[in-house]
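Okay, here's what each chain looks like letter by letter:
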Amino acid sequence: MSSIIEMPEFVLEKIIGFSNFKDVLTLRQVCRDFRNFIDDLKDSKLPDSNFKEMEIVSKKDENKIVFAFADFGGTIYRIEYSEFGNSRNFQETWKIFENSNIVDVAIRDLELVLRFQKSKLYRIYFDVNDFQLSPDSSIYKLSVKLSNLCIRINRKIKTEQLYLKKCNQSQIMKFIQFTDPEALEKLSFFADDDDIDDRIEIEIDDIAKTEQWKKAEEFKCDFQVLNLDARDICHFTSMSIKTHSISASDLEFLKKTFINSSTFVYAFFELTIFNGNEIISNLWGPAFITELSRNWYFRIKDLEDEVLHIEIRQNFINFHVFEWRYVLTGARVQDYNES
Amino acid sequence: MAPKKNSAKRPQPSTPKPSAPARIVKVQSSDGHILQADVRALLLSSTLAATIKGYDDENKPLEKLEVNNVVGFTLKLVLEWCEKHKEDDPAIAQAEKDKKNIFIPSWDRHFLTKLPMGNLFDLITAAYHLDITGLINYGCKTVANSAKGKSTEEMRELFGIPEPWEQPSTSTATWDD
């Protein structure tokens, strides 16, 4: 037998299963029969690409889409899709696509790569809204096409961290549901410092109903959260949230939750306005006042060596757990069940 | 890794003890070559094992086994591999059956890598027809290893794929450039 394509399908499947994923992508280019064969295989028959991180980015200033895939050995594979040349650049090779939409080419590539990613990613990062205000660009449709891919792929991607830059609620819902709730630990919705003026606002009530949200431990949000409900966030062990305001009763609820938790680390709130100072003083007793802030300390139910520190500094409220020795001299530490 | 106390729990080969005299039978290839083999070696093939069992169950004397889909040259290689592995614990092949990552022992690596690619394809295909798990696995893994890091053009040549293929726009970025 002189050619590999004459071998039984079972054997070809085995060879592909034993190959590494880069070789399978090369093999896919070798001939049409092989490409069809690989494309028709069940994902479970394909080898694992075993990437650590994936970044999907749109760049307005360069009119490009950029994918970066990093493996655990530190190698980064970068693929650029340029709107100008309708071309793809990978490892210094340009390929021009005359009849295809470059966004479709990028989406197809991503869909293929995702078939191979079976092990857990450390992080997946989406920054796909750079063309939001450029409806004439073909890359304008990237975020919609990507959301559709997330639905079409019908398989959950395992990743510890999900980073979403400048997204709206419906995009967040699609991306979040694309991740495996058993793997997801950290959610980060973020904006660059120079985007702060954009004031992205989101409502999290639907997002908070997802399994992914409920099982995550860490939440960081640079967007303004509307209608924040303390019960939606109290399971996070670490969080940093911007919101308009937070009521004294919500703060009391959070305090109670945190002093009964042995895993809580910190919660940081940046508010537009806070006017619960008087009620809080009634609830928590007199604050220990420093030049900059008002402070309270509470024992934690199941932790001997650490205390919960709550600090209110103008519109910033910070809950965090630290060792006893950091309690300011003269401050009183209240028992966890003190009323 | 394999403490003695575990080996007692492993299924024992149902073959006769090594001290028993070897039972030799004739094996005929599709192109009429007649070879000889120890029955214990042939039992590594599930297909041949079933045929042998059929003869034994009916108490019929087994003089010659016919293998209709493997030519003499390839059958000789199959029998050489089986002879080398006839005393293997069948539990090992069973355990490796669906594994994604297997280790090729050095004798097998040498045996398989010295073959021209075409002969290796024939050998794996014969192992597939005869259902010899270990040989299928080692063979396929050898083919996968030989493709490692190759470019599209190199793979085409290695695997005997005739003419370059005009790639449609659905082609994807590959790692071979």
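The numbers attached to residues start from 1 for each chain and follow its sequence in the written order. All chains are assigned letters beginning with A, and all ligands numbers beginning with 1, in the order in which they are written. Where local features are concerned, this predicted model is filtered to residues with pLDDT of at least 70; where side-chain atom pairs are given and counted, the filter is 80 or more; whole-chain, interface and lining totals use all residues. Based on all heavy atoms of the structure, the side-chain values leave hydrogens and waters out of the count.

A. Examining the pattern of salt bridges more closely. Within this document, salt bridges are pairs made up of a side-chain nitrogen of Lys or Arg and a carboxyl oxygen of Asp or Glu, the two lying within 4 Å of each other. Here the structure, examined in full by the defined rule, presents 34 salt bridges over all chains. As a salt-bridge pair, A:Arg313 and A:Glu311 come within 3.0 Å of each other at their nearest N and O atoms. Between buried and exposed lies partly exposed: a residue is buried under 20% and exposed over 50% of the maximum accessible area for its type, with that area taken using a 1.4 Å probe on protein chains only. Residue class for A:Glu311 comes out buried when judged on its relative accessible area of 14%. A single salt-bridge network, built from bridges that share partners, covers B:Asp38, B:Arg40, B:Glu83, B:Lys86 and B:Glu87.

B. Looking closely at the interface of chain B and chain A. The criterion used for residue contact is that any of the two residues' heavy atoms lie within 4.5 Å. With 40 residues of chain B at the interface, the matching set in chain A holds 44 residues. Across the contact surface, chain B and chain A share zero salt bridges. Side-chain atoms alone can form a polar contact between residues adjacent in sequence; in general such a contact is a pair of N or O atoms within 3.5 Å, and within protein one must be able to donate a hydrogen while the other accepts it. Taken together, chain B and chain A are joined by six residue pairs in polar contact (both at pLDDT 80 or more). Of all the secondary-structure elements, those providing two or more residues to the side of chain B that touches chain A are helix H7 (117-130), helix H8 (133-147) and helix H9 (152-158) of chain B. Strands are runs of DSSP state E lasting at least 2 residues, helices are runs of H or I lasting at least 4, and numbering of each runs from the N terminus. Here the side of chain B that touches chain A takes seven residues from H8(B), the largest share from any one element. Put simply, Ala, Val, Leu, Ile, Met, Phe, Trp, Tyr, Cys and Pro go in the nonpolar bin, Asp, Glu, Lys and Arg in the charged bin, and everything else, Gly too, in the polar bin. Considered class by class, the residues forming the side of chain B that touches chain A number 16 nonpolar, 13 polar and eleven charged.

C. Structural context of the pairing of strand E16 (residues 316-323) of chain A. Residue and element names in this part refer to chain A. One requirement defines pairing of two strands: DSSP has to find at least two bridges between them. When strand E12 (residues 266-271) meets E16, the two strands line up antiparallel, connected through five bridges. In the strand pairing of E16, Phe268 is matched with Asn318. Of the strand pairs in this sheet, strand E15 (residues 303-313) and E16 are connected by eight bridges, and their pairing is antiparallel. When the sheet's bridge partners are listed, Val307 is paired in E16 with Phe322. Where E15 hands over to E16, the hairpin turn is made up of two residues, of which Gln314 adopts a positive phi near 50°.

D. Molecular detail of the confidence of the model for chain B. Residues and elements named next belong to chain B. The predictor's confidence in any single residue is recorded as pLDDT, a number from 0 to 100. Of the residues in chain B, 80% have a pLDDT of 70 or more, and the chain-wide mean is 84. Across residues 1-10 the pLDDT falls below 50, and counting only partners more than four positions away or on other chains, this stretch makes three contacts in the model. Both confidence scores are given for the complex: pTM 0.84, ipTM 0.84.

E. Summary view of the environment of A:Cys221. Residue and element names in this part refer to chain A. In this fold, Cys221 is placed in strand E10 (residues 218-226). Here Cys221 falls in the buried class, since its relative accessible area comes to 2%. Distance from Cys221 to Ser188, taken between C-alpha atoms, is 5.9 Å for residues 33 residues apart in sequence.

F. Fine view of helix H5 (residues 142-152) of chain A. Residue and element names in this part refer to chain A. Taken as a whole, H5 has its buried residues at Leu142, Ser143, Leu146, Ser147, Leu149 and Cys150. Down the axis, H5 shows its buried residues gathered within 155° of arc, on one side only. Buried residues in H5 make contact with strand E1 (51-59), strand E2 (64-71), helix H4 (102-116), strand E6 (121-127) and helix H6 (169-177). Taken from the residues just after H5, Asn154 is the one with a positive phi, measuring 50°. Taken from the helix axis, the directions to the C-beta atoms give the arc we talk about.

G. Highlighting the sheet that holds strand E1 (residues 24-28) of chain B. All names here are of chain B. Spatial ordering of the open sheet is given by E2-E1-E3, a layout of three strands whose pairing is mixed. Each of the sheet's edge strands pairs with one partner strand only, and the pair in question is strand E2 (34-38) and strand E3 (64-66). Ignoring strand direction, the axes of neighbouring strands in this sheet form an average angle of 35°. Note: E1 against E3, three bridges, orientation parallel. Across the sheet, the residue bridging to Lys26 is Lys64, located in E3. Lines fitted to the C-alpha atoms define the axes, with helices restricted to the stretch that makes contact. Angles between their N-to-C directions range from 0 to 180 degrees. Contacts between helix H4 (residues 72-85) and the sheet are confined to E1 and E2, with E2 contributing the most and set at about 10° to the helix.

H. Region of interest: the pairing of strand E4 (residues 87-90) of chain A. Residues and elements named next belong to chain A. The side-chain alternation of E4 yields two buried faces, one formed by Ser87 and Asn89 and the other by Arg88 and Phe90. Relative to E4, strand E3 (residues 76-82) is paired through four bridges, and the arrangement is antiparallel. Residue pairing for E4: Ser82 is matched across the bridge by Ser87. As consecutive antiparallel partners, E3 and E4 are separated by four residues, and within that stretch Asn86 has a phi angle of approximately 45°, a positive value. In this structure, E4 lies alongside strand E5 (residues 93-96), joined through four bridges in antiparallel fashion. Each bridged residue has a counterpart across the sheet, and for Arg88 the counterpart in E5 is Lys95. In this structure, the hairpin formed by E4 and E5 is closed by a connection of two residues, where Gln91 is found at a positive phi of approximately 45°.

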